[in-house]
Amino acid sequence: MDQQTSQHGTTASAHRAGRLVSLVALMGLAGCGDRMTTDILPGGIPARTDLHQASGLPVESVRTVARREFGWRVIYRPAHAPPNAESRAAVALCGLERRAPLRIQQQPRLDPSADPGARIFDIYCA
């Protein structure tokens, strides 16, 4: 094999390797970004649902809204919430599942200094 043929083979290999790296990079970048998800939370709620907004509570009062095995757990600041905030949130969140609220249960704060003034309650849907 002469030097020119060997050089051509090396150049072709480098060119293929460059294309492969470009393809892998493009696929990696395509995997990133703001895509809609088709994941479903328990109760049939699309995972892309904004649960803070769906709770019906003012944005400044809601700390956490989470779907749990038993129903919903909400952490909020009552000082920034309207009257009957817990029952309103229960109706709104159970409504996402097309169910009625069954009961609301207050949960004790294990570390009240972690988020002063916040309250935790669990919502059980029928």
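Description of the structure in this document. (Residues numbered from 1 in each chain as written. Predicted model: local features only at pLDDT ≥ 70, side-chain atom pairs only at ≥ 80, totals over all residues. Heavy atoms only, no water.)

In spatial order, the strands read 3-4-6-5; together these four strands make up an open sheet with antiparallel pairing. What marks the edges here is a single partner per strand, and that holds for strand 3 (62–67) and strand 5 (101–107). Neighbour to neighbour, the strand axes of the sheet diverge by 20° on average, direction disregarded. Pairing of strand 3 with strand 4 (residues 72–76) involves five bridges; the strand directions are antiparallel. Across the sheet, residue Val 65 finds its bridge partner in strand 4, namely Val 74. Packed onto the sheet, helix 3 (residues 85–96) meets strand 3, strand 4, strand 5 and strand 6 (119–125) and runs at close to 40° relative to strand 6. (Pairing = 2+ DSSP bridges. Helix = DSSP H or I, 4+ residues; strand = E, 2+ residues; numbered from the N terminus. Axes fitted to C-alpha atoms, helices over the stretch in contact; angles between N-to-C directions. Contact = heavy atoms within 4.5 Å.)

Take the packing of aromatic side chains next. Scanning the entire structure with this criterion turns up two aromatic pairs. Aromatic pair Phe 70 and Tyr 124: ring centres 5.1 Å apart, planes at 35°, arrangement tilted. Highlighted residues: Phe 70 in the loop between strand 3 and strand 4 and Tyr 124 in strand 6, separated in sequence by 54 residues. Look at Phe 70 and you get partly exposed, because its relative accessible area is 28%. The exposure class assigned to Tyr 124 is buried, which follows from its relative accessible area of 17%. Their ring planes at 90° and their centres at 5.4 Å tell us that Tyr 76 and Phe 121 sit as a pair that is edge-to-face. With Tyr 76 in strand 4 and Phe 121 in strand 6, this residue pair connects regions lying 45 residues apart in the sequence. Taking the relative accessible area as the measure of exposure, Phe 121 reaches 0% and is therefore buried. If you follow Arg 67 out to its NZ or CZ, it ends over the ring of Trp 72, 5.6 Å from the centre. (Phe/Tyr/Trp six-rings, centres within 6.5 Å; stacked < 30°, edge-to-face > 60°. Buried < 20%, exposed > 50% of the residue type's maximum accessible area, 1.4 Å probe, protein only. Lys NZ or Arg CZ within 6 Å of the ring centre and 35° of its normal.)

Bringing the nonpolar core into the picture now. Judged by nonpolar contacts, the single largest core of 17 residues is most densely connected at Leu 57, Trp 72, Val 74, Tyr 76 and Ile 123. Every element with two or more residues in this core is listed here: strand 3, strand 4, helix 3 and strand 6. Looking at which element gives the most residues to this core, the answer is helix 3, with five residues. (Core = buried A, V, L, I, M, F, W, Y, C linked by side-chain atoms within 4.5 Å.)

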